[in-house]
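# Tertiary structure, described
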Amino acid sequence: MKIPVSQPLIGDNEKKLINEAMDSKEISGFCGEFIDKFEKGFAKYSDCAYGVSTTSGTTALQLALATLKIGPGDEVLASTFTNMATFFAILYQGAKPIPIDIEPDTWNLNPSLLEKKITPRTKAILVVHIYGHPADMDPVVAIAKKYNLFIIEDCAEAHGAEYKGRKAGSLGDIGCFSFYANKIITTGEGGMITTNNKRYADRARMLKSLAFGKKNKFMHQDIGFNFRMTNLQAALGCAQLKKIEFVINKKRDIAKFYLKHLSDVKDLQLPVEKSYAKNVYWMFHVVLKGSLKNKRHILTAALRKRGIDTREAFVPYNGQEIFIKRGLTRKSDCPLANIAGNNGFYLPSGPILSLKELFYVVNNIKNLINHIQ
Ligand SMILES: *Cc1c(COP(=O)(O)O)cnc(C)c1O
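How each quantity is defined
- Residues numbered from 1 in each chain as written.
- Predicted model: local features only at pLDDT ≥ 70, side-chain atom pairs only at ≥ 80, totals over all residues.
- Heavy atoms only, no water.
- Domains from an automatic or database assignment.
- Contact = heavy atoms within 4.5 Å.
- Buried area = accessible area lost by both parts, 1.4 Å probe.
- Polar contact = N/O pair within 3.5 Å; in protein donor to acceptor, adjacent residues only side chain to side chain.
- Helix = DSSP H or I, 4+ residues; strand = E, 2+ residues; numbered from the N terminus.
- Nonpolar A, V, L, I, M, F, W, Y, C, P; charged D, E, K, R; others polar.
- Near = heavy atom within 4 Å.
- Areas by Shrake-Rupley, 256 points an atom, 1.4 Å probe, with all protein chains shown as cover.

### Topic: the domain arrangement of the protein chain
The extent of an interface is frequently quoted as the accessible surface area lost upon association of the parts. Each domain of the protein chain was delimited in the assignment, giving domain 1 (12-100 + 108-241) and domain 2 (244-372). Taken together, the contact pairs 35 residues of domain 1 with 34 residues of domain 2. Taking both sides of the interface into account, the surface hidden between domain 1 and domain 2 amounts to around 2700 Å²; carbon and sulfur atoms contribute 70%. At the surface where domain 1 touches domain 2, the tally comes to 12 residue pairs in polar contact (both at pLDDT 80 or more). If you list the elements that add at least two residues to the side of domain 1 that touches domain 2, you get α2 (33-45), α4 (85-92), β3 (96-100), β6 (162-163) and α7 (231-241). Counting residues per element, the side of domain 1 that touches domain 2 draws most heavily on β3, at 4 residues. Counted by class, the side of domain 1 that touches domain 2 contains 20 nonpolar, 9 polar and 6 charged residues.

### Focus on the site of the ligand
Surveying the vicinity of the ligand reveals 16 residues, the closest of which are Thr58, Asp154, Glu157, Ser178 and Lys183. The side chain of Asp154 places a nitrogen or oxygen atom 2.8 Å from a nitrogen atom of the ligand. Contact with the protein chains hides 91% of the accessible area of the ligand, taken as 380 Å² for the molecule alone. When residues of the shell around the ligand are traced back to their parent elements, those giving at least two are α3 (57-67) and α4.

### Looking at the environment of Glu75
By the element assignment, Glu75 lies in strand β2 (residues 75-79). A sequence separation of 166 residues divides Glu75 from Leu241, and the C-alpha atoms of the two residues are 35 Å apart. If we skip the residues at most four places from it in the chain, Glu75 touches Lys96, Ile98, Thr119, Arg121, Thr122, Lys123 and Ala124. A polar side-chain atom of Glu75 sits 2.9 Å from a polar atom in the side chain of Thr119.

In structure tokens, the structure reads:
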């Protein structure tokens, strides 16, 4: 058996809509009916008034920061345990990222660590909803209000996730999504920012398309970007949007299965779903503890031999050599993120996994762990 960590769910409607875009000859990011349709549809799905599509999750994050005029001299507090795109975006803008350590159970930023990192330069909190579990937003919002900070959500792994019944992407000033091939829904490569603020939506739309002038197109309004998603990608997105609930339900079913069959395995930490949360379980992330600590390599290599693909957890910002060398952070800055980063990995979580494959995964994990212990 060969079981990949993730595979997108692509059907006939995806092909049909891409062909429609092809036939219309509108294939750029400047024209075509699917761009507007996908933006409106996805924004509505995420309880937001506005959606502005981009070329990736990374560019969505940079666009959000640029929209809020965050740049040199500014500091942004961000969850250290994430895809490094979160931190690259802050650095592209010339701002300084300040890593925040995580909660050991959700692996999300710990809000109680925020306040002592705030300085007169702090402009924003960049929250990541890691692996599909929303961060604890009420305390984040309270701190942002108290210190007059923006909140940006990195929702690249959290399409459709909910905090107290409200959708990820609608909980701060701007939400940033990715539609890379392994995300909840995909446009191949792609991204979107969501917001309920018209000024932010207008400014983001202007900046993402080279900031062309209004009256005289080539008298530019600002230093813009070309972050335009193409009509072809948006056509794929429109087809994917129709199955987003199906994919999320499938991910939740897979998680339920893993939780049921792995909860009695000693020293294996499984994901949680807090009472405030709807977890969309983008990937089923586990952390090796106690007797299994530092055995990740042995376990994942043995699983790979049996055809089961896994992926190691993110290396946190504070553990990245490139940033330590530049004096931006130290490994010891976020000890809990180091534990998850060193001992975490995720299991196959794609929406087309069969029950047979899932049993194969859990049986092999249990056997291998028994041997290691
Ligand atoms: C995937 C991801 C990104 C980057 O998205 P791309 O579309 O790959 O640029 C950013 N943040 C997180 C948390 C991600 O998982």
